[in-house]
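# Structural characterization, general
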Amino acid sequence: MKKLLIIPALLLALNTSNAQAQEPTKKKKEQTKMELKDPVCHMKVSKDAKIVTTHKDHQYAFCSESCKTRFVDNPEKYVKKD
Ligand SMILES: [Zn+2]
């Protein structure tokens, strides 16, 4: 019975040391977040919006094609700068 307790602890220790080395890969995992607000006119957009575009691994939804066009023309104007 004691052996069964040692194995998970060992795996945990191995995971912890591995986590640091694997972090870049982990971060690469697709994490595309869907912005549910039209970045152009700030209107709320439904989750299943069909007018979407991806900019810098971030997905943006739009209320209309014209908003999308405006965004695609100059995305930097509409994305939040960190
Ligand atoms: Zn819009």
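Residues numbered from 1 in each chain as written. Predicted model: local features only at pLDDT ≥ 70, side-chain atom pairs only at ≥ 80, totals over all residues. Heavy atoms only, no water.

### Some thoughts on the UniProt feature "domain: TRASH" (unreviewed entry) in the protein
Summarizing the sequence annotation, UniProt attributes the feature "domain: TRASH" (unreviewed entry) to residues 38–75 in the numbering used throughout. Counted over residues 38–75, helix gives 26% and strand 21%. Its end C-alpha atoms are 12 Å apart. (UniProt positions renumbered as here; feature names shortened; annotations may be inferred. Helix = DSSP H or I, 4+ residues; strand = E, 2+ residues; numbered from the N terminus.)

### Let's talk about the coordination of the zinc ion
Distances from the zinc ion to its protein donors, namely Asp38 (OD), Cys41 (SG), Cys63 (SG) and Cys67 (SG), fall within the range 2.0 to 2.3 Å. Because the angles between the 4 donor atoms bound to the zinc ion fall within 97 to 122°, the donor set is best described as tetrahedral. The sequence pattern formed by the donor residues of the zinc ion is D-x2-C-x21-C-x3-C. (Donors = N, O, S within 2.8 Å, 3.2 Å for Na, K, Ca; no water. Tetrahedral: all angles 85-135°; square planar, octahedral: opposite > 155°, others 65-115°.)

### Considering the pattern of salt bridges
Inspection of every chain in the model, using the stated rule, returns 1 salt bridge. Linking Lys56 and Glu76 is a salt bridge whose minimum nitrogen-to-oxygen distance equals 3.2 Å. Of this pair, Lys56 sits in the loop between strand S2 (52–55) and strand S3 (58–61) while Glu76 sits in helix H3 (residues 75–78), and the two are 20 residues apart along the sequence. For Lys56, a relative accessible area of 64% corresponds to the exposed category. Glu76 sits in the partly exposed class, given a relative accessible area of 35%. (Salt bridge = Lys/Arg side-chain N within 4 Å of Asp/Glu carboxyl O. Buried < 20%, exposed > 50% of the residue type's maximum accessible area, 1.4 Å probe, protein only.)

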